[in-house]
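Given next are the chains, with one letter for each unit.
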Amino acid sequence: MSAEAPVKLTHNEEIKTAIPTLAGTIAATIADPAADHFSDDDNQFLKFHGSYQQDDRDLRKTGKKYIMMVRSRVPGGVLTAQQWQVFDDLSSKYANNTLRVTTRQTIQFHGILKSNLRAVVKGINDSLLSTLAACGDVNRNVLAPPTPAYTQAREQVYADCKKVALALAPKTQAYHSIWIDGVQLDLNANENKDFADPLYGKTYLPRKFKIAFVIPPVNDLDVYTNCLGLIAIVENDQLVGYNVCVGGGMGRSHGNDATYPRLADVIGFITPDKLVDVAKAVLAIHRDFGDRTDRKHARLKYVIAERGVDWARAEIEQRAGITLAPSKPYNFTTTADLLDWRKAVDGTWFLGLFVTTGRVKDVQGHALKTALRQVADKFPTIEFRLSANQNVILANVNEADKAGINAILAEHGVKVENQASVLLAASMACPALPTCGLALGESERMLPGLLERIEKLLAEVGLPNEEIIIRSTGCPNGCARPYMAEIAFVGKAPGRYQVWLGGDVAGTRLNKIWKDVVKETELENEFHPVFTRFAKERTAGERFGDWCERVLLKELAAG
Ligand code: SRM
Ligand code: SF4
């Protein structure tokens, strides 16, 4: 009888087992003024607390300058004006004076010194938001549609989003003791050694887990890219339930075909009362079946891809004690945010403000950060909503306050009409350099310039103001969901990008690889012929992504 080969778990699994409270020695390192950075293991634990240790990669030649990134958790992306004031203060006092709106409706702070880390995390908690589980092998920020334009049911969906976020939050006491009380947990105490989270157990999930709510026909958060997607079914302006989809994700690695982006499969319909049970069941399937031996193969999407949709449906039904009804019809038509002033369904107004690459900051002639701060100071009842397209929506605005808000924005060079070129408004970029340790090339700092060059090219072939959804990332992990874009630039090396083409306007189709390497300097030479053909060959109103799928990529596949 041959003995089975022992299963080698990843190092992350070993440290979670050893310290299930996730406390590590974080508090002790914070308290030690001689320590300029956290240990590798603590760096893994820190993620569960919402922070990453980074270094400014622009400065590497002169040695590593350690800085911390903090990611908040903001279910549905909704902040009060008071919370915006706190975030603005924290960013100017302790971070790099920018607020980074993320693709998951949160705010990231960059450039924090270790000595200021606790002040930032505590400040966020004092504002009644949190950073717990913003990162790490747990359920991440839960997305919900931020735009109040389409249906009153948005409020019900937002309430469900908050309910699920709360139900799936980890219960460790270490977070409170480190960041609020400033105390290092005694790791040898029995209650800490034996701690097991009621939902996650001792070792949490094999990898991150993501949930999004969406209300058709607007897919403004790319619902199919999530581990669990909840597609609201609204009848007569009332929420009747959700179509459930499972197994989406973007992350992949160059040169490793076993990793791939995947769209979630729609598996059935549930009424809202079953939501928490179903969310817990899907999370538990990831917990129990996700690959703990290989972090590149550990996401739920691989479990669903390999075991199949019927298996997943049966497993969810059995765990949640329900029967999934057949999914209900729905249709997506767009992924875009509404910019400019619009009337909300409840009669109030909202203003969609485009934020270039999600970075709220002041630059010469465009002091967006100061302007938003003044709006928060003067209009305490409005909400600041973060969109998954990296924009900010000012919501709950009374008709009488519109002029005052317009005046503040105009004074700071922030336009409310024609805020950005068509290409820029439809674009997204991940942060990449200089903060992201995984970046192979530029993204946030590169994309606006690249778009100007593409605009010129499109104008040359007679297509000025053609909207094409273009996204860039500094590596293949997919943080700006590039594999859903009509054109995606995915970093391979400095100045070199893998180019993917063929996503659609409604976020329902994955794009495909077009060229493995395009040099940034060769952009015009590479794209001029393609845009020329598109201009000639497109059918009436056909979008670039659809033409690529119909013609270009077919030709490529045919060799
Ligand atoms: Fe992400 C890792 C930034 C949304 C897939 N992501 C990272 C890290 C933390 C790099 C690291 O691990 O050291 C990046 C920090 C950069 C920096 O300097 O700030 C980072 N991810 C971001 C943000 C800020 C991008 C943005 O432009 O806004 C987004 C923060 C979201 C949030 O607020 O919670 C962000 N990341 C995403 C998304 C999009 C989404 O969730 O809708 C994805 C693709 C969807 C998915 O998860 O499949 C995504 N991030 C990844 C991955 C690949 C995961 C995988 O399955 O392979 C990594 C790498 C990893 O986890 O090992 C990663
Ligand atoms: Fe960093 Fe890559 Fe994510 Fe961009 S896509 S933020 S480079 S991990």
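In short, a report on the structure.

What counts as what
- Residues numbered from 1 in each chain as written.
- Chains lettered and ligands numbered in written order.
- Predicted model: local features only at pLDDT ≥ 70, side-chain atom pairs only at ≥ 80, totals over all residues.
- Heavy atoms only, no water.
- Core = buried A, V, L, I, M, F, W, Y, C linked by side-chain atoms within 4.5 Å.
- Buried < 20%, exposed > 50% of the residue type's maximum accessible area, 1.4 Å probe, protein only.
- Helix = DSSP H or I, 4+ residues; strand = E, 2+ residues; numbered from the N terminus.
- Contact = heavy atoms within 4.5 Å.
- Near = heavy atom within 4 Å.
- Polar contact = N/O pair within 3.5 Å; in protein donor to acceptor, adjacent residues only side chain to side chain.
- Nonpolar A, V, L, I, M, F, W, Y, C, P; charged D, E, K, R; others polar.
- Pairing = 2+ DSSP bridges.
- Axes fitted to C-alpha atoms, helices over the stretch in contact; angles between N-to-C directions.
- Phe/Tyr/Trp six-rings, centres within 6.5 Å; stacked < 30°, edge-to-face > 60°.
- Lys NZ or Arg CZ within 6 Å of the ring centre and 35° of its normal.

**Some details on the nonpolar core**
Argument step 1. By size, the foremost hydrophobic cluster in this structure holds 102 residues, and its most contacted members are W84, F109, I211, F213, F384, L394 and I405.
Argument step 2. Top element by residues in this core is helix α9 (residues 275-289). It accounts for eight residues.
Argument step 3. Sequence-distant contacts of I211, that is, excluding residues within four places in its chain, are made with R104, N139, N141, V142, L143, V164, L168, N226, L228, L230 and A279.
Argument step 4. L450, I454, L457 and L552 belong to the second-largest nonpolar core, a separate cluster that totals 34 residues.

**Describing the site of ligand 1**
Argument step 1. Lining the immediate surroundings of ligand 1 are 29 residues, of which T102, T106, Q108, T435 and C479 lie closest.
Argument step 2. Contact between ligand 1 and Q54: an oxygen atom at 3.0 Å from a side-chain N or O atom of the residue.
Argument step 3. Contacts to ligand 1 include C436, whose backbone N or O atom sits 3.4 Å from an oxygen atom.
Argument step 4. Of all the secondary structure elements, the ones that give two or more residues to the shell around ligand 1 are β1 (51-55), β2 (66-71) and β5 (107-112).
Argument step 5. Tallied by class, residues from the shell around ligand 1 come to nine nonpolar, 12 polar and eight charged.

**Focus: the side chain of E383**
Argument step 1. Checked against the element boundaries, E383 lands in strand β15 (residues 383-386).
Argument step 2. In contact with E383, not counting residues within four places along its chain, are V78, L79, I393, L394, A395 and N396.

**With respect to the site of ligand 2**
Argument step 1. Neighbouring residues of ligand 2: C430, P431, A432, C436, L438, A439, T473, G474, C475, N477, G478 and C479.
Argument step 2. Grouping the constituent residues of the shell around ligand 2 by class yields eight nonpolar, four polar and no charged.

**Things to note about the sheet that holds strand β17 (residues 428-429)**
Argument step 1. Sheet architecture is open: five strands sit in the order β17-β18-β19-β20-β21, paired in mixed fashion. The sheet is open, and its two edges are formed by β17 and β21 (512-519), each paired on a single side.
Argument step 2. Where β17 and strand β18 (residues 470-473) come together, two bridges link them in parallel fashion. Each bridged residue has a counterpart across the sheet, and for M428 the counterpart in β18 is R471.
Argument step 3. Strands in contact with helix α16 (residues 523-537) are β19 (487-493), β20 (496-501) and β21; relative to β21, the strand with the most contacts, it is inclined by about 145°.

**Remarks on the packing of aromatic side chains**
Argument step 1. Under the defined criterion, the tally for this structure stands at 18 aromatic pairs.
Argument step 2. Considering the side-chain rings of Y330 and F332, the 5.4 Å spacing of their centres and the 70° angle between planes classify their relative orientation as edge-to-face.
Argument step 3. Taking the relative accessible area as the measure of exposure, F332 reaches 7% and is therefore buried.
Argument step 4. By way of ring pairs, the aromatic residues F489, Y497, W514, F527, F531, F534, F544 and W547 are connected into one cluster.
Argument step 5. The residue whose ring lies beneath K402 is W349, and the NZ or CZ to ring-centre distance is 3.5 Å.

**Focus: the pairing of strand β10 (residues 340-343)**
Argument step 1. Here β10 runs beside strand β11 (residues 349-353); their pairing, made up of four bridges, is antiparallel. Of the residues in β11, the one forming a bridge with R342 is F350.
Argument step 2. Counted between consecutive antiparallel strands, the loop separating β10 from β11 contains five residues, among which G347 sits at a positive phi close to 95°.

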